[in-house]
Amino acid sequence: MSTSTSAIFGLIFLGLANASVFLMFKLWGYPFDKETHKSEAPRSLILLHRCLGYAYALLYLFMMWYMVPRLWTYQVELPPRTVAHLMLGITIGVLILVKVVILRFFRHFEESMPYIGVCLLICTYLLIGLSVPFSFHETVLTAKTGAFSDAGIARTRQLLDSAELPPQAPLDQLASKRKLREGRHVLQRKCVVCHDLRTILAKPRTPPDWVRLVHRMAIKPVIGEPISEQEEWSVSTYLIAITPDIKNAVKQQRAEQIRTDVAKDAAVKASVAMEVEQATDVITDTYDEGEAKALFEDKCSQCHPITDVEDYPPETTEDTTEVINRMIEHGLYLEEEEIELIARYVNENYVIEE
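To start, this report covers the structure provided alongside it. The structure displayed is predicted, hence computed values, not measured ones. (Residues numbered from 1 in each chain as written. Predicted model: local features only at pLDDT ≥ 70, side-chain atom pairs only at ≥ 80, totals over all residues. Heavy atoms only, no water.)

**Section: the overall build of the protein**
In terms of helices and strands, the protein carries 15 helices and two strands. Looking at the protein residue by residue over its 354 residues, the buried ones come to 38%. If you take every contact in the protein between residues at least 6 apart in sequence, the share linking residues at least 24 apart comes to 76%. (Helix = DSSP H or I, 4+ residues; strand = E, 2+ residues; numbered from the N terminus. Buried < 20%, exposed > 50% of the residue type's maximum accessible area, 1.4 Å probe, protein only. Contact = heavy atoms within 4.5 Å.)

**Considerations on unusual backbone geometry**
Of note in the backbone geometry, E164 takes a positive phi value of approximately 60° without being a glycine. Within the element layout of this structure, E164 appears in the loop between helix 5 (150–160) and helix 6 (171–174). In this structure E164 comes out as exposed when scored by relative accessible area, which is 55%.

**Remarks on the packing of aromatic side chains**
Taken as a whole and assessed by the stated rule, the structure comprises five aromatic pairs. Ring geometry for F13 against Y56: centres 4.3 Å apart, planes inclined by 15°, an arrangement best described as stacked. Residue F13 is found in helix 1 (residues 3–27), and its partner Y56 is found in helix 2 (residues 43–67); the two are separated by 43 residues along the sequence. Using a relative accessible area of 6% as the deciding quantity, one classes Y56 as buried. Taking the centre distance of 6.5 Å and the plane angle of 25° together, the rings of F13 and Y60 count as stacked. One end of the pair, F13, is in helix 1; the other, Y60, is in helix 2, and 47 residues separate them in sequence. Exposure class is identical for F13 and Y60. Each is buried. An aromatic cluster is present here, built from F13, Y56 and Y60 joined pairwise through their rings. (Phe/Tyr/Trp six-rings, centres within 6.5 Å; stacked < 30°, edge-to-face > 60°.)

**As for a positive patch on the surface**
A cluster of basic residues, K38, R43, R50 and R104, forms a positive patch at the surface. Looking at the secondary structure, you find R43 in helix 2. Residue R43 is classed as exposed on the basis of its relative accessible area of 59%. (Patch = residues over 30% accessible without salt bridge, like charges linked within 9 Å, V, L, I, M, F, W, Y side chains within 5 Å. Areas by Shrake-Rupley, 256 points an atom, 1.4 Å probe, with all protein chains shown as cover. Salt bridge = Lys/Arg side-chain N within 4 Å of Asp/Glu carboxyl O. Lys, Arg positive; Asp, Glu negative; His and termini not counted. Charge placed at Lys NZ, Arg CZ, Asp CG, Glu CD.)

**Some thoughts on a nonpolar patch on the surface**
A contiguous nonpolar patch, built from F22, F25, V118, I122 and L126 and spanning about 450 Å² of accessible area, is present on the exposed surface. At the level of secondary structure, the elements contributing two or more residues to the nonpolar patch comprise helix 1 and helix 4 (113–144). Among the structural elements, F25 can be located in helix 1. The exposure class assigned to F25 is partly exposed, which follows from its relative accessible area of 40%.

**A look at the side chain of S236**
As for its placement among the helices and strands, S236 is situated in helix 10 (residues 229–241). In this structure S236 comes out as buried when scored by relative accessible area, which is 3%. Once residues lying within four places of it in the same chain are set aside, the contact partners of S236 are W210, V211 and V214.

**Thoughts on the packing of helix 5 against helix 10**
Viewed as axis vectors pointing N to C, helix 5 and helix 10 meet at an angle of 115°, and their least axial separation amounts to 9 Å. The crossing of helix 5 and helix 10 is right-handed. Here R155, T156, L159 and L160 of helix 5 come into contact with helix 10, specifically with T237, I240 and A241. For the contact of helix 5 with helix 10, the per-class residue count stands at four nonpolar, two polar and one charged. (Axes fitted to C-alpha atoms, helices over the stretch in contact; angles between N-to-C directions. Left-handed = near helix turned anticlockwise from the far one by under 90°. Nonpolar A, V, L, I, M, F, W, Y, C, P; charged D, E, K, R; others polar.)

This is the structure we're talking about:
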């Protein structure tokens, strides 16, 4: 089942939940005989409510039939959003079971039905809210940019000519949105059985390299269902198509590492400059302690309370440099001048060495 199809079923599921619950509210407004468990509501509305309930339960079972087997394809621990999605799905299943059991065998609990129905509606909203918006967002993005755009498909078709695929491979068909989705499906369902996606997409490769790599993996013995020849072609095509995205990710990681290294070097230089200044008793007239304090409070408070520095002050200037480097590694961006100001302010106001 594709992501967009799953999202559509999710919206239908939510619609059935709303219709069933609000119709239930109307039905409970009619007189009800507790002795005979009979309502004076119109028979047609009762039948409609029953049909909505059956449709809701059947659609739930249908989606679980497709969703639960996907859990076994995860190689590592489930992501948090997937765990929340799973817990809500289980909760809905338990509530449906309780509702059916009460209606069939324990009618004396029938007055609890509105509460169970409201709980089902809340869980359904949470369940759909965790999945559908992300699914539609992904669909829109992939349709407009990246491998699934018209430009991306045209580029992929040109690259397939040099990919060294077998002569019988239908290159024109492979360079299509449908085949790219199939390739992504194979990657997410079969390749992750043995490999982490982070290692698969760690570095870009040339089209022939992707084809050879996929074939080498496909012919290895596996516990589950092997990758067919057609699936080899589709997943190879998908990997070729997303190679520009992998390249951009690698470039961004390299640029971020360079920026971090430069910032760390600047922090070391600032510490050395401070020690030289203190040793020679040279006071920089351009230093503004108020400006340094405001910069320190603004930057350092982004990750933790300022009181942390007061409670655990650095003991030496080297400790100050180490702390600043650690914050930079965690993603704090600082210019060289800002590093010097913060280091000096911390050293003059918090360092407790004699």
